[in-house]
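# Survey of secondary and tertiary structure
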Amino acid sequence: MSALTAVLVVVACVLVGAVGFALWLGSSLLLVPRDYELMPEFTVLHYQAGRVTLPAPPSRAQFADTRKRGVLGLLWRTGYGRLGPVVGDDGERVVRELEVVAGVPPAGGEPARIDTFLYHRDPGQDLGLPFEDVRVESEVGELAGWWLPGSGTTAVLVLHGRRRGERAETLRVLPALADGERSVLVLAYRNHRGSPPSPDGFYHYGASESDDALAGVAFLAQRGIRRVVLYGFSMGGATALEATKRWPTDGPALAGLILDSPLVDPAAVAAQRSRRAGVPFPRAWTRATLALAAWRSGLRWRALDQCRSADRIRVPVLLVAGIDDGTVPIDAVDAFAERLPGPLRYHRVPGADHIEAWNLDPATYEGWVRGFLDGLRPDAGNR
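Below is a short write-up of the structure. (Residues numbered from 1 in each chain as written. Predicted model: local features only at pLDDT ≥ 70, side-chain atom pairs only at ≥ 80, totals over all residues. Heavy atoms only, no water.)

Now for the overall build of the chain. Broken down by element type, the chain carries 10 helices and 15 strands. Every one of the 383 residues in the chain was classed for burial, and the buried ones make up 55%. A separation threshold of at least 6 residues defines the contact pool for the chain, and within that pool the share at least 24 residues apart is 76%. When the accessible area of the chain is evaluated, it comes to approximately 16,700 Å², of which 54% is carbon and sulfur surface. Charge separation in the chain, taken as the distance between the mean sites of 43 positive and 43 negative side-chain charges, equals 4 Å. (Helix = DSSP H or I, 4+ residues; strand = E, 2+ residues; numbered from the N terminus. Buried < 20%, exposed > 50% of the residue type's maximum accessible area, 1.4 Å probe, protein only. Contact = heavy atoms within 4.5 Å. Areas by Shrake-Rupley, 256 points an atom, 1.4 Å probe, with all protein chains shown as cover. Lys, Arg positive; Asp, Glu negative; His and termini not counted. Charge placed at Lys NZ, Arg CZ, Asp CG, Glu CD.)

Right, let's talk about the packing of helix 4 (residues 209-222) against helix 5 (residues 235-244) for a bit. At a closest axis distance of 8 Å, the pairing of helix 4 and helix 5 adopts a crossing angle of 70°. By the angle class used here, helix 4 and helix 5 are roughly perpendicular. Along the contact surface, helix 4 presents Glu 209, Ser 210, Ala 213 and Leu 214, while helix 5 presents Met 235, Thr 239, Glu 242 and Ala 243. Class assignment for the residues of the contact of helix 4 with helix 5 results in 4 nonpolar, 2 polar and 2 charged. (Axes fitted to C-alpha atoms, helices over the stretch in contact; angles between N-to-C directions. Parallel < 35°, antiparallel > 145°, perpendicular 65-115°, else oblique. Nonpolar A, V, L, I, M, F, W, Y, C, P; charged D, E, K, R; others polar.)

Where helix 6 (residues 266-277) meets helix 7 (residues 282-297), the axes come as close as 9 Å, and the angle between the chain directions of the two elements is 135°. When the axis of helix 6 is compared with that of helix 7, the two are oblique. Helix-helix and strand crossings are classified by hand; for helix 6 and helix 7 the assignment is right-handed. Here helix 6 contributes Ala 267, Ala 270, Ala 271, Ser 274 and Arg 275 to the contact with helix 7, which in turn contributes Pro 282, Trp 285, Thr 286 and Leu 290. (Left-handed = near helix turned anticlockwise from the far one by under 90°.)

One open sheet accounts for 8 strands, arranged 8-9-11-10-12-13-14-15; its pairing is mixed. Here the strands that pair on one side only, and so sit at the sheet edges, are strand 8 (132-138) and strand 15 (344-349). The mean angle between the axes of side-by-side strands here comes to 20°, regardless of whether they run parallel or antiparallel. Inspection of the sheet shows strand 9 (residues 141-148) paired to strand 11 (residues 183-188) by 5 bridges, in the antiparallel sense. Bridging from a neighbouring strand, Ala 144 pairs with Ala 188 of strand 11. Where helix 8 (residues 330-339) meets the sheet, it contacts strand 13 (253-260), strand 14 (317-322) and strand 15, and its direction lies at approximately 165° from that of strand 15. (Pairing = 2+ DSSP bridges.)

Here we come to the sheet that holds strand 6 (residues 93-103). Neighbouring strands of a sheet are bound in pairs by backbone hydrogen bonds; such pairs are parallel or else antiparallel. Here 7 strands make up an open sheet; going across it, the order is 1-7-4-5-6-3-2 and the pairing antiparallel. The two strands at the open ends of the sheet, each matched to only one other strand, are strand 1 (42-43) and strand 2 (46-48). In this structure, strand 4 (residues 73-76) lies alongside strand 7 (residues 111-115), joined through 4 bridges in antiparallel fashion. Looking at strand 7, one finds that Trp 76 is bridged to Ala 112.

Think of an α-helix as 3.6 residues a turn; residues three or four steps apart then line up on the same face. Here helix 7 is 16 residues long and its end C-alpha atoms lie 22 Å apart, about the 22 Å a rise of 1.5 Å per residue gives. Those residues of helix 7 lying buried are Thr 286, Thr 289, Leu 290, Leu 292, Ala 293, Ala 294, Arg 296 and Ser 297. Immediately beyond the C-terminal end of helix 7, within one or two residues, lies Gly 298, with a positive phi of roughly 80°. (Expected span 1.5 Å × (residues − 1).)

The full count for this structure, using the stated rule, is 12 salt bridges. Lys 68 serves as the salt-bridge partner of Glu 356, at 3.1 Å between the closest nitrogen and oxygen. One end of the pair, Glu 356, is in the loop between strand 15 and helix 9 (357-360); the other, Lys 68, is in the loop between strand 3 (51-55) and strand 4, and 288 residues separate them in sequence. A relative accessible area of 2% means that Glu 356 is categorised as buried. The shortest N-O distance in the salt bridge between Asp 334 and Arg 348 comes to 3.0 Å. (Salt bridge = Lys/Arg side-chain N within 4 Å of Asp/Glu carboxyl O.)

Here it is as structure tokens:
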């Protein structure tokens with residue numbers, strides 16, 4: 001072997017190894033849970049007397065837009081607060097009102113990000129709603145839940161999204177759900193704070209998380225609930241849809257579905273992420289990453305494309321999606337909506353990124369939810 005050939009072989013091996021390592025990292029982003037953390041997008045410049053100075057948007061990332069309109073929060077390492085309107089903007093520095101809700105006010109240089117959750121404690125501290133911390137028995141162990149009991153026999157089972165998603169994500173919509181008659185169970189499914197990990201330590205995009213949702217249904221049955229509405233955010237939407245495929249015949253009836261930015265096709269989400277990240281040959285890269293993730297986890301991506309089974313959903317559906325969603329492509333949600341055979345209320349929200357429809361207009365969003373729930377017939381539901 002000549003010296004040149006040897007060099008070329010070494011270079012080829014290095015390149016193959018680098019690509020393989022990058023694919024492994026890409027598949028880990030799809031599969032491996034991360035603890036909820038700040039994931040800052042910028043640093044606070046200054047805070048004084050209820051006003052915070054932030055840098056002009058450093059990037060187009062969802063949680064970096066310091067000029068973003070709507071009902072939003074600011075999250076930093078030592079606290080969080082509620083942002084008010086922009087009161088100053090010189091093109092480089094954005095000044096907004098800030099009501100500190102918990103912790104100490106942010107100091108200059110404090111890592112921070114825009115916060116769509118708005119609340120981070122529990123239904124009692126943040127909303128004044130009576131609730132009980134409960135544990136829901138599942139095959140992976142005891143799941144953490146918030147139980148808001150009502151006087152009737154209908155309950156809403158709420159499922160958060162993944163990664164940035166925690167039970168706190170659901171707090172902003174609870175006042176629209178807990179009307180004194182309806183009960184509400186907010187459940188932390190596997191791989192999220194307060195609940196056990198999955199046996200393999202991976203996300204399954206609803207394939208296994210739906211077991212936890214059905215454990216929540218069993219919990220509701222034990223409390224006399226006869227009709228259940230599933231309410232899922234992002235991957236919680238995929239979890240809800242997977243749960244409908246195995247709905248128990250001897251438990252509460254499924255009365256309806258509320259889906260906010262549902263992850264209806266993980267492959268489409270991975271493809272959009274590749275395009276937005278600017279990776280070379282994004283289609284080939286996405287296929288390779290998905291194949292490696294499937295090999296590691298046993299997932300069948302086609303089976304998790306909810307469009308393929310949408311025609312089996314016969315209950316009423318309230319569907320909300322942001323036209324500018326940078327996580328779940330709006331065309332994937334549109335395709336899912338087109339295949340739903342039952343009653344559908346579909347709201348496509350201009351200017352909304354992932355799970356931002358409430359933040360842009362809480363009153364309108366809550367009106368959609370209340371109207372949908374109030375419109376369900378007393379005898380509605382299937383098994």
